[in-house]
Amino acid sequence: MTDIASINLTARENPPSAAWLRIFALVYDPFLWLGEIAGMRGRRATLLADAYGRVVEIGSGTGLNIAHYPEAVTELLLTEPEPGMRKKLSRRTDVNRCATEVVDAQAERLPFADASVDTVVSTLALCTVDDPDAALREIARVLRPGGQLLFIEHVRAGSRLLAAVQDKLAAPWRHFAGGCRCNRDTVGRMRACGFTVAAQDVVWRGMPALVHPLAMGRATRDHGPCRL
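Residues numbered from 1 in each chain as written. Predicted model: local features only at pLDDT ≥ 70, side-chain atom pairs only at ≥ 80, totals over all residues. Heavy atoms only, no water.

Going by what an unreviewed UniProt entry lists, the protein chain is known as Methyltransferase type 11 and is assigned to Mycolicibacterium tusciae.

So this is what it looks like as structure tokens:
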């Protein structure tokens, strides 16, 4: 077994505890504060300017995206499986003008009909789900023909040195950061699922170097079977 596989297996077998996830929900916004004012807040606004119609956001966390949704969004469904995050998320829903609902659901099992969603949003969420391939299949399932996935995601570093550090620290970082795997090739997984991806590499300033590498963009797909 390779070192990377061993790290990922260890992380999968030892998920963050429920007690720590409750604490992490409380400290999440303060922990991201510097990164938000150093550029992430602006990136959220830029990304979400293209959202429209019926929108599903996976892993909505504490709701840092909500204020950035445009008037073109007619319905906003915010999925979040962690109770601590969901509690804070519910307090932010009144800032949005469209019909908004908080849904207790995992990205791997979305409770929405096939081809019923115009836009899916994932910001720092596909790095956290236990089964990203299943999550991408669900996203592909619920999107209407011509629908879109808008995303900002942690990705594996292009630098060999930083990628090696990400691999080395993958398990402890996951435990601290509520399940985040900072070294996933999420864009590659999207393409393997049949998505056409337009993405740019960006740097998350104001955060630990481990999570500096981000991919930001838009993914669309035809409605053939997902290859994952």
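## Some points on the nonpolar core
Heads up, the condition is: In this description, a nonpolar core means a group of buried Ala, Val, Leu, Ile, Met, Phe, Trp, Tyr and Cys residues linked to one another through side-chain atoms lying within 4.5 Å. Relative accessibility thresholds used throughout: buried, under 20% of the residue-type maximum; exposed, over 50%; partly exposed, between the two (1.4 Å probe, protein chains only). Strands are runs of DSSP state E lasting at least 2 residues, helices are runs of H or I lasting at least 4, and numbering of each runs from the N terminus.
Core analysis: the largest hydrophobic core is formed by 34 residues, its most contacted members being Tyr69 and Trp204. When residues of this core are traced back to their parent elements, those giving at least two are helix H2 (18-48), strand E2 (73-79), helix H3 (83-92), strand E5 (143-154) and strand E7 (213-221). Among the elements that take part in this core, H2 stands out by supplying seven residues, more than any other. Membership of the second largest hydrophobic core comes to 29 residues, among which are Ile58, Leu136, Val142 and Phe151.

## Overview of a nonpolar patch on the surface
Applied cut-off: For patch detection, residues must exceed 30% relative accessible area and be free of salt bridges, and they are connected within 9 Å for like charges or within 5 Å for nonpolar side chains (Val, Leu, Ile, Met, Phe, Trp, Tyr). The method behind every accessible area is Shrake-Rupley, applied with a 1.4 Å probe, and residues are considered shielded solely by the protein chains displayed. For this analysis, a salt bridge means a side-chain nitrogen from Lys or Arg found within 4 Å of a carboxyl oxygen belonging to Asp or Glu.
There is a patch of nonpolar side chains on the surface, built from Ile23, Leu26 and Val27 and spanning about 260 Å² of accessible area. Tracing the chain through its elements places Ile23 in helix H2.

## Structural notes on helix H4 (residues 132-142)
The line we're drawing: Contact definition: two residues touch when any of their heavy atoms are within 4.5 Å.
When you tally the buried positions in H4, you get eight out of 11 residues, the bulk of the element. Listed as buried for H4 are Pro132, Ala134, Ala135, Leu136, Glu138, Ile139, Ala140 and Val142. Taken together, the buried residues of H4 touch strand E1 (53-58), strand E4 (117-123), E5, helix H6 (186-192), strand E6 (195-203) and E7.

## Notes on the state of the cysteines
Threshold: When the sulfur atoms of two cysteines come within 2.5 Å, that pair is taken as a disulfide.
Scanning all chains against the criterion turns up zero disulfides. Of the cysteine sulfurs around Cys127, a residue in no disulfide, the closest is that of Cys180, at 3.8 Å. With relative accessibility at 1%, the residue Cys127 sits in the buried group. Unpaired in this structure, Cys182 has its nearest cysteine sulfur neighbour in Cys180, at a distance of 5.7 Å.

## Focus on H3
Spelled out, the test is: The arc in question is the one spanned by the directions pointing from the helix axis to the C-beta atoms.
All buried positions along H3 are accounted for by Met85, Arg86, Lys88 and Leu89. Take H3 and look down its axis: the buried residues cluster within an arc of 165°, on one side only. What points out from H3, more than 90 degrees from its buried face, is the exposed set Pro83, Lys87 and Arg91. Elements that come into contact with the buried residues of H3 comprise H2, E2 and strand E3 (99-103).

## Re the sheet that holds E6
For the record, the criterion: Being paired, for any two strands, means DSSP has found at least two bridges between them. Axis geometry follows a simple rule: fit a line to the C-alpha atoms, using only the stretch in contact for helices, then measure angles between N-to-C directions, giving values from 0 to 180 degrees.
One open sheet holds the seven strands; their spatial order is E3-E2-E1-E4-E5-E7-E6, and the pairing between them is mixed. What marks the edges here is a single partner per strand, and that holds for E3 and E6. Sheet twist, expressed as the mean angle between neighbouring strand axes with direction ignored, is 15°. Bridge analysis of E5 against E7 gives six bridges, and the strand direction is antiparallel. Of the residues in E7, the one forming a bridge with Phe151 is Gly217. The strands touched by H4 are E1, E4, E5, E6 and E7; relative to E5, the strand with the most contacts, the crossing angle is about 145°.

## Notes on the packing of H2 against helix H5 (residues 160-176)
Worth spelling out the cut-off: The cut-offs work like this: below 35 degrees is roughly parallel, past 145 is roughly antiparallel, 65 to 115 is roughly perpendicular, and the gaps in between are oblique. By the convention adopted, Pro, Cys, Tyr, Trp, Phe, Met, Ile, Leu, Val and Ala count as nonpolar, Lys, Arg, Asp and Glu as charged, and the other residues, Gly among them, as polar.
Between H2 and H5, whose axes approach to 10 Å, the crossing angle comes to 90°. Considered as vectors, H2 and H5 are oriented roughly perpendicular to each other. The segment H2 lies against H5, with Trp20, Phe24 and Phe31 engaging Trp173, His175 and Phe176. Broken down by class, the residue content of the contact of H2 with H5 amounts to five nonpolar, one polar and no charged.

## Section: the side chain of Thr123
Here is the rule: We call two N or O atoms a polar contact when they sit within 3.5 Å, provided that within protein one can donate a hydrogen and the other can accept it, with sequence-adjacent residues counted only if both atoms are side-chain atoms.
Note on placement: Thr123 falls in strand E4. Engagement of the side chain of Thr123 in a polar contact is seen with the side chain of Asn65, the distance being 2.8 Å. Apart from residues no more than four positions distant in its own chain, Thr123 is found in contact with Arg44, Leu47, Glu57, Asn65, Ile152 and Glu153.

## Remarks on the confidence of the model for the protein chain
Heads up, the condition is: Per-residue confidence from the predictor is reported as pLDDT, a score between 0 and 100.
Per-residue pLDDT for the protein chain has a mean of 90; in total, 91% of the residues score no lower than 70. Here residues 1-12 scores under 50 on pLDDT; set against residues more than four positions off or in separate chains, the count is 12 contacts.

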